[in-house]
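# Observations on chain architecture
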Amino acid sequence: MRADGTTSLRTLYPSLQPFRKEWLPVGDGYKIYVEQSGNPNGLPVLFVHGGPGGGTSPIQRRFFNPSKYRIILFDQRGCGQSKPHASLENNTTHHLIADMERIRTHIGVERWMLFGGSWGSTLSLLYAQAHPNRVHSLVLRGIFLMRQRELDWFYKDGTGRIFPEAWSRFVGMVPEAERDDIVAAYYLRLTDPAFEDTRLRFAKEWSLWEGSTVTLVPDEEQRAHSVDPVFALAFARIEAHYFHHKGFLETDNQILRDAGKLIGIPTTIIQGRYDSICPPSAAWDLSKAMPWAKLKMVPVAGHSAFEPAIQHELICATDAA
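Residues numbered from 1 in each chain as written. Predicted model: local features only at pLDDT ≥ 70, side-chain atom pairs only at ≥ 80, totals over all residues. Heavy atoms only, no water.

## Considering the packing of helix α1 (residues 93-107) against helix α2 (residues 119-130)
- The N-to-C vectors of α1 and α2 enclose an angle of 70°; their axes lie 10 Å apart at closest approach. When the axis of α1 is compared with that of α2, the two are roughly perpendicular. The crossing of α1 and α2 is right-handed. The residues of α2 that touch α1, namely those facing Thr 93, Leu 96, Ile 97, Met 100, Glu 101 and Arg 104, are Trp 119, Leu 123, Leu 126, Tyr 127 and Ala 130. (Axes fitted to C-alpha atoms, helices over the stretch in contact; angles between N-to-C directions. Helix = DSSP H or I, 4+ residues; strand = E, 2+ residues; numbered from the N terminus. Parallel < 35°, antiparallel > 145°, perpendicular 65-115°, else oblique. Left-handed = near helix turned anticlockwise from the far one by under 90°. Contact = heavy atoms within 4.5 Å.)

And the structure:
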């Protein structure tokens with residue numbers, strides 16, 4: 001029997017189809033893919049995907065009881081089914097927050113739950129700090145606060161010590177003289193027209209690095225998905241764009257600085273103990289800044305929402321909300 005009294009891990013709800021799909025114009029030439037499934041009269045929940053640039057997939061609907069929730073998925077600017085693909089123009093955190101608010105008003109939701117992991121936790125927190133009266137609750141996983149120390153962990157001196165083979169391949173793509181700032185080196189090659197002929201190759205390598213570190217146990221299916229050309233191009237370009245610009249935040253500590261704006265919003269934080277992408281120290285720091293939040297440190301898990309124990313905790317959290 002598990003420590004929480006259960007005898008088995010929770011699994012995803014059965015697959016389901018959306019009752020509505022649309023491409024919502026949000027300005028600047030963008031049309032954002034938005035879908036709704038589950039109960040049209042249920043508690044609205046917005047799935048906030050990671051990356052930036054990761055996009056959504058049908059399996060993500062299945063974290064939620066479809067009889068309880070009105071499940072809303074959207075692809076952020078430039079990725080997934082949103083248009084135009086892999087675009088960086090007018091694509092900043094401020095634009096994404098405005099897009100989320102545009103979705104809320106368009107579909108007629110007064111308040112909603114935000115469910116986000118990794119970059120999705122970052123964006124959920126920033127949206128909630130901008131619009132606290134519109135947030136019913138937060139379920140956050142794999143906390144990423146967009147601080148320099150977290151970028152350095154993944155792109156300078158941290159994760160590469162745990163995955164030296166994948167790190168060697170990733171950094172080996174750029175000249176040694178540029179390896180002190182891997183984000184800048186890849187950003188150049190992913191955005192500068194001079195590197196257009198090799199852009200996809202660098203996009204695949206950027207994406208493969210993350211795909212190689214996302215799970216506690218190596219997952220070949222995840223690695224294969226990460227180098228899909230359509231996925232990799234959007235994921236790598238958008239992620240490098242955001243990280244090169246430090247998430248377009250005012251200060252390195254902006255999210256923790258503004259944590260007090262979230263007082264009164266029920267918050268659950270679920271964190272894999274062995275998350276190599278978003279180390280647990282960020283979740284710990286957030287829990288100290290939000291003492292009303294419930295922190296669940298999952299003992300045997302990495303970063304992915306589909307780690308069996310992480311998945312279990314996420315579903316328990318949505319069931320309990």
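That was the structure; now back to the text.
## Regarding the sheet that holds strand β5 (residues 112-118)
- Pairing is mixed in the open sheet, where 8 strands are placed in the order β1-β2-β4-β3-β5-β6-β7-β8. Of all the strands in the sheet, just β1 (20-27) and β8 (294-298) have a single pairing partner and so form its edges. Strand-to-strand twist in this sheet, taken as the mean axis angle between neighbours without regard to direction, amounts to 20°.
- The pairing of strand β3 (residues 43-48) with β5 spans 4 bridges and is parallel. The residue of β5 that forms the bridge with Phe 47 is Phe 115.
- Relative to β1, α1 is tilted by about 130°, and along the sheet it contacts β1, β2 (30-38), β3, β4 (69-74) and β5.
- Its contacts with the sheet put α2 on β3, β5 and β6 (135-143), and the angle it makes with β5 is roughly 140°. (Pairing = 2+ DSSP bridges.)

## A short note on the pairing of β8
- As paired elements, strand β7 (residues 267-272) and β8 share 5 bridges and run parallel to each other. Opposite Ile 269, over in β8, you have Leu 295 as the bridge partner.
- In terms of handedness, the path from β7 via helix α11 (residues 280-289) over to β8 forms a crossover that is right-handed. (Right-handed = clockwise from strand over helix to strand, strands pointing away.)

## Remarks on the pairing of β2
- With 7 of 9 residues buried, β2 is to be regarded as a mostly interior element.
- Two strands pair when backbone bridges link them, and β1 and β2 are joined in this way by 7 bridges, in the antiparallel orientation. Paired with Glu 22 across the two strands is Val 34, which belongs to β2.
- Sheet analysis places β2 next to β4, joined by 5 bridges and oriented antiparallel. Opposite Glu 35, over in β4, you have Leu 73 as the bridge partner. (Buried < 20%, exposed > 50% of the residue type's maximum accessible area, 1.4 Å probe, protein only.)

## A closer look at the environment of Ala 236
- By the secondary structure assignment, Ala 236 is in helix α9 (residues 229-244).
- Taking the C-alpha atoms as reference points, Ala 236 and Met 297, 61 residues apart in sequence, are found 29 Å from one another.
- When near neighbours in sequence (up to four residues on either side) are disregarded, Ala 236 contacts Leu 190, Ala 203 and Trp 206.

Note that all results are geometric; they support no functional claim without further evidence.
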